[in-house]
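Here's the letter readout for the chains.
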Amino acid sequence: MTDTPLVIAGKSFTSRFLLGTGKFKNKKDLSDSIIAGGSQIVTVALRRIDLERHEENILEFIPPHVTLLTNTSGARNAQEAVRIARLAKASGCGNWVKIEVINDSKYLLPDNHETIKATEILSAEGFVVLPYISPDLYAARALVKAGAATVMPLGSFIGSNQGLKTKEFIQVLINEIDLPIIVDAGIGAPSQAAEAMEMGADAVLANTAIATAPNPAVLARAFALAIEAGRLAYLSGLPARHCVAKASSPLTGFLYDDTPTN
Amino acid sequence: MNIIINGKSQQLTSKKNLSDIVDTFCKQSKHVITELNGTIVPSDQWAQTNLQDGDALELVTFVGGG
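Residues numbered from 1 in each chain as written. Chains lettered and ligands numbered in written order. Predicted model: local features only at pLDDT ≥ 70, side-chain atom pairs only at ≥ 80, totals over all residues.

**Thoughts on the overall build of chain B**
Broken down by element type, chain B carries 1 helix and 5 strands. Its C-alpha radius of gyration of 12 Å places chain B within 12% of the 11 Å reference for a compact globule of 66 residues. Taking the principal axes of the C-alpha coordinates as reference, chain B spans close to 40 × 25 × 20 Å. In chain B, which comprises 66 residues, the proportion classed as buried is 20%. For chain B, the share of sequence-separated contacts (at least 6 apart) that also reach a separation of at least 24 residues comes to 62%. (Helix = DSSP H or I, 4+ residues; strand = E, 2+ residues; numbered from the N terminus. Rg over C-alpha atoms; globule rule 2.2 N^0.38 Å. Buried ≥ 20, exposed ≤ 12 C-beta atoms within 10 Å, placed from the backbone. Contact = placed C-beta atoms within 7 Å.)

Written as structure tokens, this is what we have:
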């Protein structure tokens, strides 16, 4: 069965695995993970340059064919997110931005309201906007109206590796929103990524799970395979579930005609 | 004169433009983005942009993030 590509803002991708670049122990692990996982969209962040020490620039470790998606991490409101997005665009590294507005240091939950405001402003300026939200139908509808290119609902708390705690709410977005749904945050294992794809998510973004794994490149490959497996399962459709057994071999006796009874 | 770079006061002994500042304070100029008093200055305007006493400059670049 052949799949259609993931299309975001008119750009086609064969990979449905987006990779974040934070928390990697070293830059080689990052490059190896991008290659092993086959990611074609990779997130980065913007920060003040440390004037005291020389740091290798992260962009040197991202293959040139990869689409850069700058996040607005550190933004506490729409205005700050817009400022970060404009700075990123000024670098000449593209106009794709992941809106991430967080104003809570304990749960790190995104502020949907501010995210919608930032999406409106940046979409009007020609940015390709991928907003990160708590899965909420009304927020997602507002994002469609605001010109978002995708909707990125969280699976569970950022960096928690807890998987799809918000599963039912993400399913609502998959069913109702006519934009690519990319499950972001909290996906800690390939099985969880596969589960998201089986539900009909269009793609999965992972970072902490890969970056903090004992062998990041191997786990990146495992995620890529799981995402592909989950996608194929979705395209096929899953069979009905039953609460009693249904034999998969013929139920007539091996040598006799009677069926087992009890 | 004094300017604020990334939140820290820096003493400049002579008149400097933004290009000089990036060369002095950043190990490499590639992927450096500058914001002077809240306004982004594209790299092709660095050489014509002279720093004034009391200016607030942000020098930012890309780092890892999810």
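**Quick notes on the overall build of chain A**
Looking only at helices and strands, chain A features 8 helices and 10 strands. Overall, the C-alpha framework of chain A stretches about 85 × 40 × 35 Å when taken along its three principal axes. The buried share of chain A, taken over its 262 residues, is 47%. Restricting the contact set of chain A to residue pairs at least 6 apart, pairs at least 24 apart contribute 62%.

**A short note on the interface of chain A and chain B**
Think of interface size as the accessible area that goes away when the parts come together; that is how it is often given. On the side of chain B, 21 residues touch chain A, which itself brings 25 residues to the contact. At the level of elements, β4 (41–48) and α2 (78–90) of chain A are the ones that each hand at least two residues to the side of chain A that touches chain B. No other element matches β4 of chain A, which puts 6 residues into the side of chain A that touches chain B. Taken together, the residues of the side of chain A that touches chain B sort by class into 10 nonpolar, 11 polar and 4 charged. Pairing of β4 of chain A with strand β5 (residues 56–64) of chain B involves 5 bridges; the strand directions are antiparallel. Counterpart to L46 of chain A in the pairing with β5 of chain B is F62 of chain B. (Nonpolar A, V, L, I, M, F, W, Y, C, P; charged D, E, K, R; others polar. Pairing = 2+ DSSP bridges.)

**Examining the pairing of strand β6 (residues 96–99) of chain A**
Successive side chains on a regular strand alternate, one facing one side of the sheet and the next facing the other. Residue and element names in this part refer to chain A. Of the two faces of β6, the one carrying W96 and K98 and the one carrying V97 and I99 are both buried. As for the winding sense of the linkage, the β-α-β connection from strand β5 (residues 67–71) through α2 to β6 is right-handed. The pairing of β6 with strand β7 (residues 128–133) spans 4 bridges and is classified as parallel. What sits directly across from W96, in β7, is V128. The parallel pair β6 and β7 is bridged by helix α3 (residues 112–124), and the resulting crossover is right-handed. (Right-handed = clockwise from strand over helix to strand, strands pointing away.)

**Brief notes about the nonpolar core**
Residue and element names in this part refer to chain A. If you look at the biggest cluster of nonpolar residues, it comprises 86 residues, and the most contacted ones within it are A193, A201, V204 and F223. Looking at which element gives the most residues to this core, the answer is helix α8 (residues 216–236), with 7 residues. Those residues in contact with V204 that sit more than four places away from it in its chain are R16, F17, I182, V183, I187, A193, A196, M197 and I227. (Core = buried A, V, L, I, M, F, W, Y, C linked by C-beta atoms within 7 Å.)

**Considering the environment of S123 of chain A**
Residues and elements named next belong to chain A. Mapped onto the secondary structure, S123 falls in helix α3. As for S123 and I84, which are separated by 39 residues in sequence, their C-alpha atoms are 14 Å apart. Setting aside anything within four residues of it in sequence, one finds S123 in contact with V129, A146, G147 and A148.

**So, helix α1 (residues 27–37) of chain A**
Every buried residue of α1 of chain A is listed here: L30, S33, I34, A36 and G37 of chain A. Taken together, the buried residues of α1 of chain A touch β3 (17–20), β4, α7 (208–211) and α8 of chain A.

**Brief notes about the pairing of strand β10 (residues 203–206) of chain A**
All names here are of chain A. The alternating pattern of β10 places A203 and L205 on one face and V204 and A206 on the opposite face, and all of these are buried. Sheet topology places β3 next to β10; 3 bridges connect them, and they run parallel. Note on β10: the bridge partner recorded for L18 is L205. Here strand β9 (residues 182–184) runs beside β10; their pairing, made up of 3 bridges, is parallel. For V183, the partnering residue across the bridge sits in β10 and is V204. Taking the sense of rotation as the criterion, the β-α-β connection linking β9, helix α6 (residues 190–199) and β10 turns out right-handed.

**Quick notes on the environment of F17 of chain A**
Residue and element names in this part refer to chain A. By the secondary structure assignment, F17 is in strand β3. F17 sits 187 residues away from V204 along the chain, and the two C-alpha atoms are 5.3 Å apart. With near-sequence residues (within four places) excluded, F17 lies in contact with G37, G38, S39, A203, V204, F223, A224 and I227.

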